Amino acid sequence: MQENEQSLKDIQHIKTMMERSSRFISLSGLSGIAAGICAIIGAAVSYDYVMGYKDFIINPAADSGSELELLYNNRLFWIAAATFTGALVSAFIFTWLKSKKQGIPMWGNLAYRLLINVSVPLLAGGIFLFRLIHFGTFGLVAPGCLIFYGLALVNASKYTLNEIRYLGYLQVLLGIINLWFTGWGIYFWAAGFGVLHIVYGTYMWYKYERN
Amino acid sequence: MINPIENLNKVFDSRVRLGIMSALMVNDEVSFNELKVLLDITDGNLASHLKALEESGAIKVQKGFIGRKTNTTYMATKAGEKSFRAHLEALEKMIKGTK
């Protein structure tokens with residue numbers, strides 16, 4: 001009977017180790033908090049332009065020939081780009097610091113696999129949203145961001161800390177609700193990319209890195 | 001009836017070694033530091049278990065560099081994978097047998 005229990009424990013241990021060893025565990029909660037703060041700053045800076053209090057066209061005289069020129073002439077595009085870069089860089093720094101502390105090299109197979117699995121849904125989403133803007137359906141941009149980002153997280157959660165999956169579900173849910181409140185995009189966007197990131201980052205940090 | 005305990009491999013008779021083998025079964029290669037974090041044990045403890053597994057032929061070692069730091073990675077050998085699977089089956093049989 002005791003041997004039986006021992007074997008069962010061994011098998012459970014084996015299962016845990018197989019799962020844990022195939023995941024990227026250096027992802028830091030502080031990365032989430034930093035990305036969330038960047039998102040809220042981004043939303044605050046773009047608020048007046050999104051709500052139409054200020055014009056987001058940089059040079060009204062410019063002859064907007066191509067789609068790309070149209071994008072470059074838009075303040076919101078540059079705010080979004082800066083927000084995204086800021087979030088990515090700060091998230092990278094904290095995860096890099098954590099991996100250094102753990103003594104695990106950051107660029108292993110696991111990191112590579114995680115990156116691929118985040119990037120595919122995000123890139124597809126990015127192109128999709130680019131076309132949406134082209135057709136003038138601005139109201140769907142914020143829900144689209146949230147849904148595609150959420151799906152990217154759900155997809156990537158198999159290769160990193162499992163809690164990321166639930167963050168993904170919440171982002172998708174928020175995006176879907178936003179589809180029926182299209183004028184409120186910036187609030188939903190700030191709630192998803194800002195508040196949810198900060199709450200989740202704090203939770204993850206508390207659970208894994210507090211000591 | 002054959003005693004299933006006979007199929008249990010003495011080499012894997014430790015939590016740490018089971019953990020090492022599990023990690024190597026699902027990854028092509030795992031570094032020393034990754035194993036250390038995964039199993040949450042000291043350098044010396046891990047090294048001695050790795051040595052034992054290496055000597056039994058279950059794993060092989062590859063020494064490399066990341067920048068100037070040494071980076072030692074481990075892989076399961078074909079024989080190691082085979083005997084680990086047999087060990088798993090024996091564990092399963094024991095559970096089923098005593099039910």
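Now for a description of the structure that goes with this document.

Cut-offs applied
- Residues numbered from 1 in each chain as written.
- Chains lettered and ligands numbered in written order.
- Predicted model: local features only at pLDDT ≥ 70, side-chain atom pairs only at ≥ 80, totals over all residues.
- Heavy atoms only, no water.
- Helix = DSSP H or I, 4+ residues; strand = E, 2+ residues; numbered from the N terminus.
- Buried < 20%, exposed > 50% of the residue type's maximum accessible area, 1.4 Å probe, protein only.
- Contact = heavy atoms within 4.5 Å.
- Areas by Shrake-Rupley, 256 points an atom, 1.4 Å probe, with all protein chains shown as cover.
- Lys, Arg positive; Asp, Glu negative; His and termini not counted.
- Charge placed at Lys NZ, Arg CZ, Asp CG, Glu CD.
- Pairing = 2+ DSSP bridges.

This part covers the overall build of chain B. A count of helical and extended segments in chain B gives 4 helices and 3 strands. Oriented by its inertia axes, the alpha-carbon framework of chain B measures out at about 55 × 25 × 20 Å. In chain B, buried positions account for 42% of the 99 residues. Counting contacts in chain B only where the partners sit at least 6 residues apart, residues at least 24 apart contribute 55% of the total. Total accessible area on chain B stands at roughly 6000 Å², and carbon and sulfur atoms take up 50% of it. A distance of 1 Å separates the average location of the 15 positive side-chain charges in chain B from that of its 12 negative side-chain charges.

Let's shift gears to the pairing of strand S3 (residues 69-76) of chain B. Residues and elements named next belong to chain B. Across the 8 residues of S3, 6 count as buried, placing the element largely inside the fold. As paired elements, strand S1 (residues 30-31) and S3 share 2 bridges and run antiparallel to each other. Paired with Ser31 across the two strands is Thr73, which belongs to S3. Pairing geometry for strand S2 (residues 59-66) and S3, over 8 bridges, is antiparallel. Note on S3: the bridge partner recorded for Phe65 is Thr70. Between S2 and S3, which follow one another and run antiparallel, lie 2 residues, and Gly67 among them has a positive phi close to 65°.

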